[in-house]
Amino acid sequence: MVLTMDEIINAICLHMAERKAVRPTDVQVELSWDEEDGYSAEVWVQGRSQFLVESNMIEAILRYLQSEYDIRAYREQITLDVDEEITANVIID
C-alpha cells in the first residue's frame, strides 16, 4: 500500500490537531527532504511553527492507518520515499 503526499499531510494534520486540541483545518503542513536531515515536516498551529522529524511523521501515519483504514501497522512496516513527491510505503501482512 502506498500513501500519497496528500495522505501523509492529512495524517499529520489529524495527529497535530488532536494533540493541540484544534481542528485539522487549522493545521498547515509542509513536507521536505534533504540529504543532511532526511524527511521532516514543518507544521503551523495557531501561528506557531514546529518541526517534526521522520519518527514523528511515521507516528502520525500509524495513527492515520488505524483511524482511516482500520489497519494496525508497526513502524518497521512503513518507509518514506521521495521521487517526484514524498510517499509512504506500507507493508501489509
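Counting starts from 1 at the beginning of each chain's written sequence and moves along it residue by residue. The model is predicted, so local features are restricted to residues of pLDDT at least 70 and side-chain atom pairs to those at 80 or more, both for listing and for counting; the totals for chains, interfaces and linings are taken over all residues. By convention in this description, side-chain values take in all heavy atoms of the structure and omit both hydrogens and water.

Student: What should I look at first to understand the pairing of strand S5 (residues 78–82) in this one?
Tutor: Each regular strand carries side chains that alternate between the two faces of the sheet. Of the pairings in the sheet, the one linking S5 to strand S6 (residues 86–90) comprises five bridges and is antiparallel in character. Bridging from a neighbouring strand, Leu80 pairs with Ala88 of S6. Between the antiparallel neighbours S5 and S6 lie three residues. By the convention used here, strands pair only if DSSP detects at least 2 bridges between them. Numbering of helices and strands starts at the N terminus; helices are DSSP runs of H or I of at least 4 residues and strands are runs of E of at least 2.

Student: How do you make sense of the side chain of Ser40 when you look at a structure like this?
Tutor: Along the chain, Ser40 falls in strand S3 (residues 38–45). Note on Ser40: relative accessible area 14%, which makes it buried. Once you skip the residues sitting within four places of it in the chain, Ser40 turns out to touch Glu30, Leu31, Ser32, Leu52 and Met57. Relative accessibility under 20% of the residue-type maximum defines a buried residue, over 50% an exposed one, and the middle range a partly exposed one, all with a 1.4 Å probe and only protein chains included. Two residues form a contact once any of their heavy atoms are found within 4.5 Å.

Student: Would you take a moment to explain the sheet that holds strand S1 (residues 2–3) for this structure?
Tutor: Working definition: the strands of a sheet are paired by backbone hydrogen bonds and lie parallel or antiparallel to each other. Within the open sheet, the three strands sit side by side as S1-S6-S5. Their pairing is antiparallel. The sheet terminates laterally at S1 and S5, the two strands that pair on one side only. Against the sheet, helix H2 (residues 54–69) contacts S1, S5 and S6, and its axis sits at roughly 115° relative to S5. The convention used is that axes are lines fitted to C-alpha atoms, helices contributing only their stretch in contact, and that angles between N-to-C directions extend from 0 to 180 degrees.

Student: Teacher, can you tell me more about the nonpolar core here?
Tutor: A general trend in soluble globular proteins is that nonpolar side chains are found buried together. Nonpolar cores were defined as sets of buried Ala, Val, Leu, Ile, Met, Phe, Trp, Tyr and Cys residues, with membership established by side-chain atoms within 4.5 Å. Ranked by internal contacts, the top residues of the largest apolar core, which has 31 residues, are Ile8 and Ile12. Elements represented by at least two residues in this core include exactly helix H1 (5–20), strand S2 (27–34), S3, H2, S5 and S6. Apart from residues lying up to four places away in sequence, Ile8 is in contact with Leu3, Leu31, Met57, Ile61, Leu80, Ile86, Thr87 and Ala88.

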